[in-house]
Amino acid sequence: MYISIRYGVAAALSVSLCPTLSLAQPDSSTSAASAHDHDALEEIIVTANPLARASDDLSQSATVLQGEALRQQLANSLGETLARTPGIANASFGENIGRPVIRGLQGTRVGILSNSMAVSDASAVSQDHAVAVEPFLADQIEVLRGPSTLLFGSGAIGGVVNMVSPTIPQSIPENGYEGRATAQGNSAAEEEFAAGRLDLGGGQFALHIDGFHRRTDDYDIPGNANLYPEQDHEDEDHEDEDHEDEHDEDEQDSGTLSNSFLKNHGWTVGGSWIVDQWLVGVAYTDYKSEYGIPGDAHMHEEGHNEEHEDEHEEEHEEHGDGEEEGPVTIDLESQRTEFEIAGRDPFPGFEQIKMRYVDSEYEHTEFEGDEVGTVFKSDTDNARLELKHNQWGIWQGVFGLQYTELDFSAVGAEAFVPTSHTDTTGVFWIERADLGQWQFDLGLRYEDVETKVPRTLVPENGATGPKADADFQPLSASAGVQWMLNEAVDFTFNVAHAERAPGVDELFANGPHIATQVFEVGDPSLDKEKNLHFEAGVSVAVGGFTSSATIYYDDFSDYIYAFNTGRELDGLPEQVWQQQDAEFIGAEAELRYDFEPNRFGHWQLFGFGDIVDGELDDNTDVPLAPPKRIGMGLD
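What you see is a predicted model; the values in this text were computed from it and never measured.

Cut-offs applied
- Residues numbered from 1 in each chain as written.
- Predicted model: local features only at pLDDT ≥ 70, side-chain atom pairs only at ≥ 80, totals over all residues.
- Heavy atoms only, no water.
- Helix = DSSP H or I, 4+ residues; strand = E, 2+ residues; numbered from the N terminus.
- Buried < 20%, exposed > 50% of the residue type's maximum accessible area, 1.4 Å probe, protein only.
- Contact = heavy atoms within 4.5 Å.
- Areas by Shrake-Rupley, 256 points an atom, 1.4 Å probe, with all protein chains shown as cover.
- Phe/Tyr/Trp six-rings, centres within 6.5 Å; stacked < 30°, edge-to-face > 60°.
- Lys NZ or Arg CZ within 6 Å of the ring centre and 35° of its normal.
- Salt bridge = Lys/Arg side-chain N within 4 Å of Asp/Glu carboxyl O.
- Pairing = 2+ DSSP bridges.
- Polar contact = N/O pair within 3.5 Å; in protein donor to acceptor, adjacent residues only side chain to side chain.
- Patch = residues over 30% accessible without salt bridge, like charges linked within 9 Å, V, L, I, M, F, W, Y side chains within 5 Å.
- Lys, Arg positive; Asp, Glu negative; His and termini not counted.
- Charge placed at Lys NZ, Arg CZ, Asp CG, Glu CD.
- pLDDT = per-residue confidence, 0-100.
- Core = buried A, V, L, I, M, F, W, Y, C linked by side-chain atoms within 4.5 Å.

Chemist: How would you summarise the overall build of the protein if you had to cite specific residues and measurements?
Modeler: Helices and strands together make up the secondary structure of the protein, namely seven helices and 34 strands. Counting every position in the protein, which comprises 635 residues, the buried fraction comes to 50%. Sequence separation of 24 or more characterises 67% of the internal contacts of the protein that already satisfy a separation of 6 or more. For the protein, the exposed surface amounts to about 29,200 Å²; the carbon and sulfur share of it is 54%.

Structure below.
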């Protein structure tokens, strides 16, 4: 049960430099209630949809957080910021790490976007890798669920999360300037956080500047933080004595979650040249984060047998180092350069063109004490072209082309994924028909995903294996309908077929994955993952009451998952990536009642719930499924 009561308890200071928060936002959203009010929702445009539709004018499930509703839920990570949203869970690996899980699907199946372009970090590779974004800097966060998000890549079968921020200004501030700033802290981790943004403009030029700074110490907790207690290998006669020793140790070690600190900061500068028909813009973002991984640095060695322990002792002696490794910390850096060209009526037959290019350079170093353990690097070039054609009778639509080039490497003693080069070429097409009370949506995407691995991993003898290639051609299609029964009630129904190419880790992993405490082994023979998706939803808005409910069913062919073989390699449980058919069925609902403002303030009562059940073809549960949830609160 999730219960929340909040009334003016935020320890934060905010300063607004102009009457409106930002022209990039369709409305001011001055309260959480207005952000969920039916009339206000009609004005919130979902930028991740190339047709720029309102959030309540989509046949697919969509949630938009912005304004006060977003600011109330802001947290250190993107996953925690969205954790109170129906259908979304947080894949948490400590307070500083959180990646969204949509309807039980996570990792590469959930796309993380910034202004409709991939963030391109390593968060999908391992659960201890943070998402390289700062939620505070977003004007709004959009969540699109289901395979109809195929516009952003065949891998996003679960959905996409899109952070919308004016890194490249889309308009010139009406008064010449606008911005916001905030500062906050807490006593649990002695946190200090400050952030601000400023938008300037005049004539044909606009400038955007933002930045943030955050520091937290190790978190204070009410008990002992022994994540990996020692296993009792003594006889049962000694159990009472062991419990007494553990109790004494608890009293000595309680009060702090060791190695849970966080230090991160970042900044962005961007500018645009804006005339009647054209916009040309560029932006640069620098993001850095250093954080600890709570737990024992030697946790991966505790399960080793005596033979492995002897090997490690010999290695330490050879290197003249008999001391234990220090705690695991991660140093993350990301530099992102963006270009955009957009124009109206570029040539006959088309009313809009939009071209975007993003270069992302990402480096992620894992330290064990002062020693470098593993270094992950990712260099991504991502280009996208969208062409919106003129109205064809009742139809309006967009043609698109996308190309992504990814160079990925993991170097170090615990690298479990080989160096790889992946080229992805995709074409997509969406159409929408407006028939008054009825709206119809169609979508189609074809991709070619080619991965080349110069050397595979053979950790058993310390050598590298032969090169390997993989080539897949995923094809996805979707159809949706929206029936607006009246001004208060509308129904939606979606059906989609989606295909996903296996990731590099699923194909070629071969080594100890310390974060998840397994020895991970890929399978180069994996086939495409296929999904047939059905979804039905209803939304109601009457006066101050708004509600929505959705049920869905996913039929997977060749669902890819990690299977625990029961064997051990290098002292860790062996998990092998394999395929099996699977079925997911789930539902999510949200209810809100907005009381009229009065002398006691402006109050809103809300409730939500979600459930997803995933079952493999052999009648076992799909691994890592989130729990069912029900919650209520009063704002």
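What follows continues from the structure just given.
Chemist: Residues and numbers for the side chain of Thr-404, please.
Modeler: By the secondary structure assignment, Thr-404 is in strand 20 (residues 395-412). Setting aside residues up to four positions removed in sequence, Thr-404 forms contacts with Thr-380, Asp-381, Asn-382, Thr-422, Asp-423 and Thr-424.

Chemist: Requested: an account of the packing of aromatic side chains, with residues and values cited.
Modeler: Overall, the coordinates contain 16 aromatic pairs when judged by the stated rule. Aromatic side chains Phe-376 and Phe-408 sit 6.3 Å apart centroid to centroid with 45° between the ring planes, which places their arrangement in the tilted category. In this pair, Phe-376 is assigned in strand 19 (residues 371-389) and Phe-408 in strand 20, connecting sequence segments 32 residues apart. Summarising the burial analysis for this pair, Phe-376 and Phe-408 share the class buried. Grouped by ring-pair contacts, the aromatic residues Trp-438, Phe-440, Trp-483 and Phe-491 constitute a single cluster. A cation over a ring is seen here: Arg-103 above Tyr-552, with NZ or CZ 4.3 Å from the ring centre. One residue, Arg-180, lies across the ring of Phe-136, its end atom 5.2 Å from the ring centre.

Chemist: Could you give an account of unusual backbone geometry, with specific residues and numbers?
Modeler: Backbone geometry places Asp-558, a non-glycine residue, at a positive phi of 60°. Summarising the element assignment, Asp-558 is placed in strand 31 (residues 545-569). Under the relative-accessibility criterion, Asp-558 is labelled partly exposed at 25%. With phi around 65°, Leu-624 is a residue other than glycine that occupies positive phi space. Relative to the elements of secondary structure, Leu-624 occurs in the loop between strand 33 (604-616) and strand 34 (629-634).

Chemist: Talk me through the pattern of salt bridges; I want residue IDs and the actual numbers.
Modeler: Applying the stated criterion across every chain yields a total of 23 salt bridges. Where Glu-529 meets Arg-109, a salt bridge forms, and the shortest distance between an N and an O atom there is 2.6 Å. With Glu-529 in strand 30 (residues 529-542) and Arg-109 in the loop between strand 5 (98-102) and strand 6 (110-114), this pair connects stretches of sequence that are 420 residues apart. Between Arg-384 and Glu-386 there is a salt bridge, with the nearest N and O atoms lying 2.8 Å from each other. Here Arg-384 matches Glu-386 in class, with each residue buried. Salt bridges here are not isolated pairs; linked through shared partners, they connect Arg-103, Arg-145, Glu-535 and Glu-588.

Chemist: Which residues make up the pairing of strand 25 (residues 468-472), and what values do they have?
Modeler: Only one face of strand 25 is covered, namely the one carrying Ala-468, Ala-470 and Phe-472; the face carrying Asp-469 and Asp-471 has none of its residues buried. Two elements, strand 22 (residues 438-453) and strand 25, share five bridges in a ladder whose sense is antiparallel. Bridge pairing links Glu-450 to Asp-471 in strand 25.

Chemist: I'd like a description of the pairing of strand 12 (residues 205-216), backed by residues and values.
Modeler: Strand direction decides the pairing type here: strand 11 (residues 191-202) and strand 12, joined by eleven bridges, are antiparallel. By the bridge assignment for strand 12, Phe-193 is matched with Arg-214. In textbook terms, the turn of a hairpin is the stretch between consecutive antiparallel strands, and for strand 11 and strand 12 this stretch comprises two residues, one of which, Gly-203, has a positive phi near 65°. Across twelve bridges, strand 12 lies against strand 15 (residues 262-274) in antiparallel orientation. Directly across from His-213, in strand 15, lies its bridge partner His-265.

Chemist: Kindly report on the sheet that holds strand 7 (residues 117-118), identifying the contributing residues and their values.
Modeler: Across a sheet, strands are paired by hydrogen bonds formed along the backbone, either parallel or antiparallel in direction. Read from one edge of the open sheet, five strands run 3-8-9-6-7, paired in mixed fashion. At either margin of the open sheet sits one strand with a lone partner, and together these are strand 3 (62-66) and strand 7. Looking at chain direction, strand 6 and strand 7 are connected through two bridges and run antiparallel. The partner of Ser-114 across the bridge, within strand 7, is Met-117.

Chemist: Tell me what's going on with the environment of Arg-336, and back it up with residues and numbers.
Modeler: The topology assignment puts Arg-336 in strand 17 (residues 328-347). Expressed as a C-alpha distance, the spacing of Arg-336 and Val-119, which sit 217 residues apart in the sequence, is 8.6 Å. What Arg-336 contacts, discounting residues up to four positions off in sequence, is Ser-114, Met-117, Ala-118, Val-119, Ala-283, Tyr-284, Thr-285, Val-358, Asp-359 and Ser-360. There is a polar contact of 3.2 Å between the side chain of Arg-336 and the backbone oxygen of Ser-114. A polar contact of 2.9 Å, which involves the side chain of Arg-336, links it to the backbone oxygen of Ala-118.

Chemist: How would you summarise a negative patch on the surface if you had to cite specific residues and measurements?
Modeler: Among the surface-exposed residues, Asp-581, Glu-583, Asp-613, Glu-615, Asp-617, Asp-618 and Asp-621 lie close enough to one another that they form a single negatively charged patch. For the negative patch, the secondary structure elements donating two or more residues are strand 32 (572-594) and strand 33. Inspection of the secondary structure puts Asp-618 in the loop between strand 33 and strand 34. Judged by relative accessible area, which is 42%, Asp-618 ranks as partly exposed.

Chemist: Please give an account of the confidence of the model for the protein that cites residues and values.
Modeler: Of all residues in the protein, 81% attain a pLDDT of 70 or more, and the chain-wide mean is 82. Confidence over residues 231-238 falls short of pLDDT 50; this stretch has three contacts with residues more than four positions distant or in other chains. Below pLDDT 50 for its whole length, residues 296-323 participates in 28 contacts with residues either more than four positions away or in separate chains.

Chemist: An account of the environment of Glu-134 is needed here, citing residue identities and associated values.
Modeler: Residue placement: Glu-134 occurs in the loop between strand 7 and strand 8 (140-145). Judged by relative accessible area, Glu-134 falls into the buried class, the value being 4%. Put simply, Glu-134 and Ala-75 are 59 residues apart on the chain and 9.1 Å apart in space, counted from C-alpha to C-alpha. In this view, Glu-134 contacts Met-163, Phe-193, Phe-212, Arg-214, Asn-264 and Tyr-287; residues no more than four positions away in its chain are not counted.

Chemist: Now, about the nonpolar core: what can you tell me, with residues and values included?
Modeler: Looking at soluble globular proteins, one finds that nonpolar side chains tend to be buried together. Tyr-291 and Phe-508 are the most contacted members of the largest nonpolar core, which has 37 residues in total. Only strand 11, strand 16 (278-292), strand 17, strand 20, strand 22, strand 25 and helix 7 (504-508) provide two or more residues apiece to this core. Ignoring anything within four residues of it in the chain, the contact list for Tyr-291 reads Asn-96, Ile-97, Asp-128, His-129, Ala-130, Phe-261, Leu-262, Thr-329, Ile-330 and His-364. Core analysis: the second largest hydrophobic core is formed by 17 residues, Leu-65, Leu-70, Ile-88 and Ala-138 among them.

Chemist: Help me get a handle on a nonpolar patch on the surface, residues and values and all.
Modeler: A contiguous nonpolar surface patch, about 640 Å² in accessible area, is contributed by Trp-392, Leu-401, Val-427, Trp-429, Leu-444, Tyr-446 and Leu-475. You can see Leu-401 is positioned in strand 20. By relative accessible area, which is 42% here, Leu-401 ends up partly exposed.

Chemist: Describe the environment of Ala-498, and please don't skip the residues or the numbers.
Modeler: If you trace the backbone, Ala-498 turns up in strand 27 (residues 489-500). The spacing of Ala-498 and Leu-444 is 54 residues in sequence and 9.6 Å in space, taken between C-alpha atoms.

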